[in-house]
Amino acid sequence: MANKAAIGQDALIEKGWWKSHQWLVWRRLSQLSVLALFLLGPWFGVWVIKGNIASSLILDTVPLTDPYLLIQVLLTRHLPETTAVLGAVIVLGFYLLVGGRVYCSWVCPVNMATDFAAWLRRRFGITSAARLSRNTRFWLLGLTLAMALVTGTLAWELINPVTAVYRGLVFGMGLGWTVLLAIFLFDFVIANRGWCGHLCPVGAFYSLIGRVSAVRVSAIRREQCNDCMDCFIVCPEPQVIRPALKGSDETSPVIRDGACTNCGRCVDICSKDVFQFGLRNSGKMNSQVANHQREVLS
Ligand code: SF4
Ligand code: SF4
């Protein structure tokens, strides 16, 4: 097992700072840029995008709707507007391409707080862990949909922490900050990756899209793995790595599990460059090409 204080040191030494942090930097820029776009309107009167993270309109033209929200609307037996349906199709198509939980690691502002909590836990060696099943989030997802069906209202959206945090950050509502702090403390003190990795129904919904999405991380050079475990330690969903990294020669090196957030931290942190982004169905072929290249070079 790797020394927790030295996680990422090998990658830093062998690849340099940029190559061992680049996906993390791009991700933070993406999250902050999305937030900034939403802030431009209320703060400076520049309305590039109107609405919120669940339903918005870009330049008064392109609608974006969270498909999870649209499903709830349908379950309330209300007819959604055509633009809302179109917005959901656009968003769904985007995440089917780039990876369902890209929403989590590249867009959702809560992720910055939960990543920070996980980093602090590693830093201070906090190992307390409430016993939660990672499947709890799917039960909660089902519960939120049942709430819409039974009550005929978007009851979940009133308390959805993700939209509450967004409202808090963009419109300065106190509840959003309280929710964000509660999630941070829950992850920091009670359960490692407790909220995003175990409870959040939004992440659960997007992980279902991730099960079929095109862009995936692949352990394409898995033969190079030196078992340092750094990728397992930094990964928010470490259970997704093993089948791809430690599978037999016959199994695909592609991480197909929808829970993978395509965050790219494993790509950054691996000093042996085992991981890289690719397409869902190209992993095996690429692995064979990588093997062939290695044989030629050796
Ligand atoms: S799991 Fe939920 S809170 Fe966490 S990043 Fe994904 S949508 Fe945001
Ligand atoms: S496997 Fe890699 S890309 Fe997927 S969630 Fe883990 S660290 Fe992120």
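Residues numbered from 1 in each chain as written. Chains lettered and ligands numbered in written order. Predicted model: local features only at pLDDT ≥ 70, side-chain atom pairs only at ≥ 80, totals over all residues. Heavy atoms only, no water.

### Re the pattern of salt bridges
So, step 1. According to the stated counting rule, one finds ten salt bridges in the structure shown.
So, step 2. A salt bridge links Arg27 to Asp115, with the nearest nitrogen and oxygen atoms 3.0 Å apart. One end of the pair, Arg27, is in helix H2 (residues 22–44); the other, Asp115, is in helix H6 (residues 110–124), with 88 residues separating them in the sequence.
So, step 3. Here Arg265 ties to Asp268 by a salt bridge, and the two come within 3.2 Å at their closest N and O atoms. (Salt bridge = Lys/Arg side-chain N within 4 Å of Asp/Glu carboxyl O. Helix = DSSP H or I, 4+ residues; strand = E, 2+ residues; numbered from the N terminus.)

### Here's the deal with the site of ligand 1
So, step 1. Every residue lining ligand 1 is accounted for by Arg101, Tyr103, Cys104, Cys108, Val110, Asn111, Val162, Trp195, Cys196, Cys200, Val202 and Gly203.
So, step 2. Among the elements of the structure, helix H5 (102–107), H6, helix H11 (194–199) and helix H12 (201–210) are those that each provide at least two residues to the shell around ligand 1.
So, step 3. In terms of residue class, the shell around ligand 1 is made up of nine nonpolar, two polar and one charged. (Near = heavy atom within 4 Å. Nonpolar A, V, L, I, M, F, W, Y, C, P; charged D, E, K, R; others polar.)

### Digging into the environment of Arg221
So, step 1. Relative to the elements of secondary structure, Arg221 occurs in the loop between strand S4 (215–218) and helix H13 (230–234).
So, step 2. What makes Arg221 partly exposed here is its relative accessible area of 22%.
So, step 3. Separated by 207 residues in the primary sequence, Arg221 and Glu14 have C-alpha atoms spaced 16 Å apart.
So, step 4. Within the local environment of Arg221, its side chain forms a polar contact with the side chain of Gln276, the two groups lying 3.0 Å apart. (Buried < 20%, exposed > 50% of the residue type's maximum accessible area, 1.4 Å probe, protein only. Polar contact = N/O pair within 3.5 Å; in protein donor to acceptor, adjacent residues only side chain to side chain.)

### Details of the packing of aromatic side chains
So, step 1. Throughout the structure, instances matching the rule amount to 13 aromatic pairs.
So, step 2. Taking the centre distance of 5.3 Å and the plane angle of 20 degrees together, the rings of Tyr68 and Phe205 count as stacked. Taken together, the residues Tyr68 in helix H3 (residues 67–75) and Phe205 in helix H12 connect sequence positions 137 residues apart.
So, step 3. With 5.2 Å between their ring centres and 75 degrees between their planes, Tyr95 and Tyr206 make a pair best called edge-to-face. (Phe/Tyr/Trp six-rings, centres within 6.5 Å; stacked < 30°, edge-to-face > 60°.)

### With respect to the sheet that holds strand S2 (residues 55–58)
What holds strands together in a sheet is hydrogen bonding between their backbones, with the strands either parallel or antiparallel.
So, step 1. As summarised here, the arrangement of the three strands in space is S1-S2-S3, forming an open sheet in which the pairing is antiparallel. Of all strands in the sheet, those with a lone pairing partner are strand S1 (49–51) and strand S3 (62–65), marking the two edges. The mean inter-strand angle of the sheet, taken between neighbouring strand axes irrespective of direction, is 20 degrees.
So, step 2. Here S2 runs beside S3; their pairing, made up of four bridges, is antiparallel. Within S3, the residue paired with Ile58 across the bridge is Val62. (Pairing = 2+ DSSP bridges. Axes fitted to C-alpha atoms, helices over the stretch in contact; angles between N-to-C directions.)

What is shown is where atoms sit, not what they do.
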